[in-house]
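Summary of structural features
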Amino acid sequence: MTGQVRTVDGRVAGRRGQATRQKLLDCLSEMLSTSPYRDVKVIDVARMAGTSPATFYQYFPDVEGAVLELADEMAKEGASLTELVAGRSWVGKSGAQAADELVDGFFTFWRKNDAILRVIDLGAAEGDKRFSKIRTKILTAVTGSLTESIKELQGRGRVDKDVSAPAIAGSLVTMLAGVAAHQKGFTGGVKQADLKPNLALLVHLGVTGKKPPK
């Protein structure tokens, strides 16, 4: 926490205020993991945090405003996904490892932030540009890094130059996000143990145009 955390009316929050604000956010995050977003009320968050609704309103205009704060912090953590791609080699066994780690990174990130990501998806689906912007922020950076990886392979003659690197990268990232978001909800005989290796196979095929070496 920094000394520049401010209240709704613009005052800089002191150490105690920052701690109270963070506790409210932590309680909200916990409630989102067990209750539908629309059912979460200010009074319930405040009660769980051991404070009053008036105190909540000192730091957030409403529940949605607090959710956006959580979402923005979570989006910053999404930079770790980009680090799984940037500067990685996709040649030989290094490519197979890069694909495996990218898939694992998406699954881990979505499991850790499942509750807030569900709220972001809901808000984005309803046309709320604030939530759409955060979702785009999470995915755009890793899409850009993956695009550069494909272009590098094209420059070395390892991938067909007629392939649209941005289109492939964007499609792969959308696929990863979609599967990660529903990793526990697959039916029709899909085994959880089969998801990661087969998704990594698709990522490797998408980036390199080839199956990963055995």
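Each remark here, short or long, concerns the structure printed above.
This section reports on the structure supplied with the text. (Residues numbered from 1 in each chain as written. Predicted model: local features only at pLDDT ≥ 70, side-chain atom pairs only at ≥ 80, totals over all residues. Heavy atoms only, no water.)

Here's the deal with the environment of glycine 95
Structurally, the position occupied by glycine 95 is in helix H6 (residues 93–112). Here the alpha-carbon distance between glycine 95 and proline 212, two residues 117 residues apart in the chain, equals 7.1 Å. Each residue touching glycine 95, except ones within four places of it in the same chain, is listed here: Ser89, Trp90 and His204. (Helix = DSSP H or I, 4+ residues; strand = E, 2+ residues; numbered from the N terminus. Contact = heavy atoms within 4.5 Å.)

Quick word on the pattern of salt bridges
Scanning the entire structure with this criterion turns up 13 salt bridges. A salt bridge links glutamate 126 to arginine 38, with the shortest nitrogen-to-oxygen separation between them at 2.5 Å. Remark: arginine 38 occurs in the loop between helix H1 (15–32) and helix H2 (42–49) and glutamate 126 occurs in the loop between helix H7 (114–125) and helix H8 (129–155); sequence separation between them is 88 residues. A relative accessible area of 43% places arginine 38 in the partly exposed class. In this structure, lysine 112 and glutamate 77 form a salt bridge, with 3.2 Å as the shortest nitrogen-oxygen distance. (Salt bridge = Lys/Arg side-chain N within 4 Å of Asp/Glu carboxyl O. Buried < 20%, exposed > 50% of the residue type's maximum accessible area, 1.4 Å probe, protein only.)

What about the packing of H6 against helix H9 (residues 165–181)?
Contact pair H6 / H9: the axes reach a minimum separation of 9 Å and the direction vectors enclose 45°. By the angle between their axes, H6 is oblique relative to H9. Crossing of H6 against H9: the hand is right-handed. Of the residues in H9, those in contact with Leu102, Val103, Phe106, Phe107 and Trp110 of H6 are Val173, Leu176, Ala177, Val179, Ala180 and Ala181. Split into classes, the residues belonging to the contact of H6 with H9 amount to eleven nonpolar, no polar and no charged. (Axes fitted to C-alpha atoms, helices over the stretch in contact; angles between N-to-C directions. Parallel < 35°, antiparallel > 145°, perpendicular 65-115°, else oblique. Left-handed = near helix turned anticlockwise from the far one by under 90°. Nonpolar A, V, L, I, M, F, W, Y, C, P; charged D, E, K, R; others polar.)

Digging into the side chain of threonine 208
Within the fold, threonine 208 resides in helix H10 (residues 192–208). Engagement of the side chain of threonine 208 in a polar contact is seen with the backbone oxygen of histidine 204, the distance being 2.7 Å. Only 3.1 Å separates the side chain of threonine 208 from the backbone nitrogen of lysine 210, close enough to count as a polar contact. The residues touching threonine 208, leaving out its near neighbours within four places in the chain, are Trp90, Leu153, Arg158 and Val159. (Polar contact = N/O pair within 3.5 Å; in protein donor to acceptor, adjacent residues only side chain to side chain.)

Let's talk about the nonpolar core
Leu28, Leu32, Val67, Phe106, Trp110, Ile138 and Leu146 are the most contacted members of the largest nonpolar core, which totals 62 residues. When neighbours within four sequence positions are excluded, valine 67 is seen to be in contact with Leu28, Leu32, Tyr37, Ile116, Val119 and Phe131. (Core = buried A, V, L, I, M, F, W, Y, C linked by side-chain atoms within 4.5 Å.)

Notes on the packing of aromatic side chains
Following the criterion strictly, the structure yields four aromatic pairs and no others. Look at phenylalanine 106 and tryptophan 110: their rings are 5.6 Å apart centre to centre, the planes differ by 15°, and that puts the pair in the stacked class. Remark: tryptophan 110 and phenylalanine 106 occur in helix H6; sequence separation between them is four residues, near one turn of the helix. For phenylalanine 106, a relative accessible area of 0% puts it in the buried group. Here the aromatic rings of phenylalanine 109 and tryptophan 110 are separated by 5.5 Å at their centres, their planes lie at 70°, and the arrangement is edge-to-face. (Phe/Tyr/Trp six-rings, centres within 6.5 Å; stacked < 30°, edge-to-face > 60°.)

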